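Structure at a glance
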Amino acid sequence: MDVDQVTEIVVDAARVAILPRFRALADGEVAEKSPGEVVTVADREAEELISRRLREVLDAPVVGEEAAADAPQLLTALREAPAAWVVDPLDGTANFVAGRPDYAVMAALVRDGETVAAWIAQPAQGRVYVAERGAGAWRDGVRLRREPAPGDPAALRGAALTRFLDPAAKAQVEAAAPRFAALGPGSGCAGVDYPRLVDGEQDFVLFQRTLPWDHAPGVLLLTEAGGHARRLDGSTYRPADPRAGLLDAADPTCWETARSLLLG
């Protein structure tokens, strides 16, 4: 597989379907697909473009966010197919609709249930992150290496997405906030939060919802850069696993510290 070819596909889709509509969405180009979840014509057009071209690279099922919303059975390909593509055509759609630049276009290749390649493009910033299992993580051609986080919890910076937490868990996270140097709500876009973690802008991120198109690309990017991603019970992340809860961190010690303080 040609990694650069997929990079070109993702970047081209952003150029054609997404960037021309940034801060220029017309009336009728935004809809609510479920309560609190919006979709735009850019999401749908980008997914169609990416999916068609990915099948030309490798003829395998494509599990796209928008396609799976209409046909949830597509998710079985992540468990059953020898290979499958995962596509998030516009991660951070709410940011995109609001005119905020924190959005991304993401894709990943899953083989035998494990992510083996990942792409995250940030069109507004002109950045592209790529990772390949066993070959490392890269930003615009520069090799990435996440350094260990500070050992003192009071020096750690992180994010916790509490929207989907139950009240008790949310209260626990809120009570832990003063123990850290900073604890924010995240960007509203996994394709921004994972690169921020890899680039050293934050040290950990707690997610509750773990949809594969949100996390398959970012987890591989993080782990190939030397970071640590685990389910809350310490088990390895796999895209087909539907369980809630995922904690990503700069290193195993940071992961343990963040888990202890955030979850009790």
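Everything here concerns the structure above.
Because the structure is predicted, anything quoted here is derived from the model rather than measured. Throughout this document, residue positions are counted from 1 along each chain, in the order its sequence is written. For a predicted model such as this one, the threshold for reporting local features is a pLDDT of at least 70, and the threshold for listing and counting side-chain atom pairs is 80 or more; totals across whole chains, interfaces and linings nevertheless cover every residue. Hydrogens and water molecules were not included; the side-chain quantities draw on all heavy atoms of the structure.

Helix and strand definitions follow DSSP, with helices as H or I runs of at least four residues and strands as E runs of at least two, each counted in order from the N terminus. Within the protein, the regular secondary structure consists of nine helices and 14 strands. In terms of C-alpha radius of gyration, the protein reaches 18 Å, essentially the compact-globule figure of 18 Å for 264 residues. C-alpha atoms of the protein, sized along the principal axes, occupy 50 × 40 × 35 Å. Once local pairs closer than 6 in sequence are excluded, the contacts in the protein between residues at least 24 apart make up 63%. Of the roughly 11400 Å² of accessible surface on the protein, 50% is carried by carbon and sulfur atoms. Taken as two groups, the 28 positive and 40 negative side-chain charges of the protein have centres that lie 2 Å from each other. What the globule rule says is 2.2 Å times the number of residues to the power 0.38, and the radius of gyration is computed from C-alpha atoms. Working rule for contacts: check all heavy atoms of both residues, and any pair within 4.5 Å makes them a contact. What sets the accessible areas is the Shrake-Rupley method with a 1.4 Å probe; for residues, cover comes only from the shown protein chains. Charge convention: Lys and Arg are scored as positive, Asp and Glu as negative, and His as well as the terminal groups of each chain are ignored. For the purpose of locating charges, the reference atoms are NZ of Lys, CZ of Arg, CG of Asp and CD of Glu.

In this section: the pairing of strand β5 (residues 104–111). Of all the eight residues making up β5, seven are buried; the element is thus mostly covered by neighbouring parts of the structure. Two elements, strand β4 (residues 83–91) and β5, share seven bridges in a ladder whose sense is antiparallel. By the bridge assignment, tryptophan 85 is partnered in β5 with leucine 109. When DSSP locates at least two bridges between a pair of strands, those strands are taken to pair. In the sheet, β5 pairs with strand β6 (residues 114–122) via seven bridges, with the strands oriented antiparallel. Among the inter-strand pairings, valine 110 is bridged to a residue of β6, identified as threonine 115. Connecting β5 to the antiparallel partner β6 that follows it, the hairpin turn spans two residues, and aspartate 112 within it adopts a positive phi of roughly 50 degrees. Relative accessibility decides the category of a residue: with a 1.4 Å probe and only protein chains considered, values under 20% of the type maximum give buried, values over 50% give exposed, and everything between is partly exposed.

Strand order in the open sheet made by the seven strands is β3-β4-β5-β6-β7-β8-β9, with mixed pairing throughout. Each end of this open sheet is capped by a strand with a single partner; those strands are β3 (62–64) and β9 (142–143). Bridge count between β6 and strand β7 (residues 127–132): six bridges; the pairing is antiparallel. Across the sheet, the residue bridging to tryptophan 119 is valine 130, located in β7. Each of β3, β4, β5, β6, β7 and β8 (136–139) touches helix α8 (residues 212–224); the most contacted strand, β6, lies at about 100 degrees to it. For helices, the fitted axis covers only the stretch in contact; all axes are lines through C-alpha atoms, and the angles between them, taken along N-to-C directions, range from 0 to 180 degrees.

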